[in-house]
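# Working through the structure, step by step
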Amino acid sequence: EAQVTQNPRYLITVTGKKLTVTCSQNMNHEYMSWYRQDPGLGLRQIYYSMNVEVTDKGDVPEGYKVSRKEKRNFPLILESPSPNQTSLYFCASSPGFLLGTQYFGPGTRLTVL
Amino acid sequence: GIQVEQSPPDLILQEGANSTLRCNFSDSVNNLQWFHQNPWGQLINLFYIPSGTKQNGRLSATTVATERYSLLYISSSQTTDSGVYFCAVYNFNKFYFGSGTKLNVKP
């Protein structure tokens, strides 16, 4: 089944404790992206990747890191999480930025205390 | 970045009614998509529609790229249509989402 998976789905952590949210897709898509969703603000792009080893900042990259060592995986890293990073996070992939729609993972609800 | 405005922000319908959701954007875009976020938070693709008109069952969408807007039509609404509808546009490698239209369809 074609899908985007994220882990964990729920995470409660404390300020400053490094964490990684994994994202994997099995559709051989080139473009991958991370978003955060906050009430009333829609989804905002954190980072994106056009292909392996090619990543760039979205609209709200502060406090986040990403890597794209393999085509299928695009982990999101929070080196020192803070309470303002409490949010719902989505990973997405698409064949290419001009080729069709994005497919979203199920989301990761992160709470930073 | 591009500004994406959706209207109305909230919409309450009786089951069976029709509705039109609008998405305005502030600059030329290469890609426009409509999504539905169901009450469980899942984001579901509805349309990839950078221009023209598409239909899928009771839903259809039209994008007039030269005038910088897109419309999503829902006909004969059902309670399962409830949730939030987002449009997203793509420009210079980035995606920008509107704040969504929250739809509540009452039985």
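What you see is a predicted model; the values in this text were computed from it and never measured. Every chain's residues receive numbers from 1 upward, in the order its sequence appears when written. As a convention, the first chain written is A and the first ligand written is 1, with the rest following in written order. Confidence filtering applies because this is a predicted model: local features only for residues at pLDDT of at least 70, side-chain atom pairs given and counted only at 80 or more, and all residues used for totals across whole chains, interfaces and linings. With hydrogens and water stripped out, all remaining heavy atoms of the structure feed into the side-chain values.

### What to know about the overall build of chain B
- A count of helices and strands for chain B gives 0 helices and 11 strands.
- When the elements of chain B are put in sequence order from the N terminus, they spell out β-β-β-β-β-β-β-β-β-β-β.
- The C-alpha radius of gyration computed for chain B amounts to 13 Å, which stays within 12% of the reference 13 Å derived for 107 residues, consistent with globular compactness.
- Each of the three principal axes of chain B carries a C-alpha extent, and together these read 40 × 25 × 20 Å. By definition, any uninterrupted DSSP run of H or I lasting at least four residues is a helix, any uninterrupted run of E lasting at least two residues is a strand, and each is numbered from the N terminus. Here the globule rule reads 2.2 Å times residues to the power 0.38, and the radius of gyration is calculated from C-alpha atoms.

### Some points on the nonpolar core
- For the purposes of this section, nonpolar cores are sets of buried Ala, Val, Leu, Ile, Met, Phe, Trp, Tyr and Cys residues that join through side-chain atoms within 4.5 Å. Throughout, exposure labels follow a simple rule: accessible area from a 1.4 Å probe, protein chains only, divided by the maximum for the residue type, with under 20% read as buried, over 50% as exposed, and the rest as partly exposed. Among the nonpolar cores identified, the biggest contains 23 residues, and Trp34, Leu72 and Val89 of chain B are the most heavily contacted of them.
- Elements represented by at least two residues in this core include exactly strand E2 (10-14), strand E3 (19-25), strand E4 (31-37), strand E5 (43-48), strand E7 (59-64), strand E8 (69-74), strand E9 (83-91) and strand E11 (101-106) of chain B.

### So, the interface of chain A and chain B
- In this analysis, two residues are considered to be in contact whenever any of their non-hydrogen atoms come within 4.5 Å of each other. Taken together, the contact pairs 23 residues of chain A with 19 residues of chain B.
- A 1.4 Å probe defines the accessible area here, and the buried area is the portion of it lost by two parts on being joined, summed over both. Both faces combined, the contact of chain A with chain B buries some 1,800 Å², and carbon together with sulfur accounts for 54% of it.
- Basic side-chain nitrogens of Lys or Arg form a salt bridge, by our definition, when they fall within 4 Å of a carboxyl oxygen of Asp or Glu. Counting across the chain A and chain B interface gives 0 salt bridges.
- Definition of a polar contact: a pair of N or O atoms within 3.5 Å, with one able to donate and the other able to accept a hydrogen when the atoms are protein atoms, and with sequence-neighbouring residues admitted only if both atoms are side-chain atoms. Joining chain A to chain B, the criterion identifies 6 residue pairs in polar contact (both at pLDDT 80 or more).
- Secondary-structure elements contributing two or more residues to the side of chain A that touches chain B are strand E4 (31-38), strand E5 (42-51), strand E9 (87-94) and strand E10 (103-104) of chain A.
- Broken down by element, the residue count for the side of chain A that touches chain B peaks at 5 residues, all from E5 of chain A.
- As a working rule, the residues Ala, Val, Leu, Ile, Met, Phe, Trp, Tyr, Cys and Pro are called nonpolar, Asp, Glu, Lys and Arg charged, and the rest polar, with Gly in that last group. Considered class by class, the residues forming the side of chain A that touches chain B number 13 nonpolar, 8 polar and 2 charged.

### Some words on the pairing of strand E10 (residues 94-97) of chain B
Residue and element names in this part refer to chain B.
- Note on pairing: two strands pair once DSSP finds at least 2 bridges between them. Note that E9 and E10 share 4 bridges and pair antiparallel. Across the sheet, the residue bridging to tyrosine 90 is phenylalanine 95, located in E10.
- Linkage of E9 to E10, two consecutive antiparallel strands, is achieved through a turn of 2 residues, within which phenylalanine 92 is found at a positive phi near 50°.

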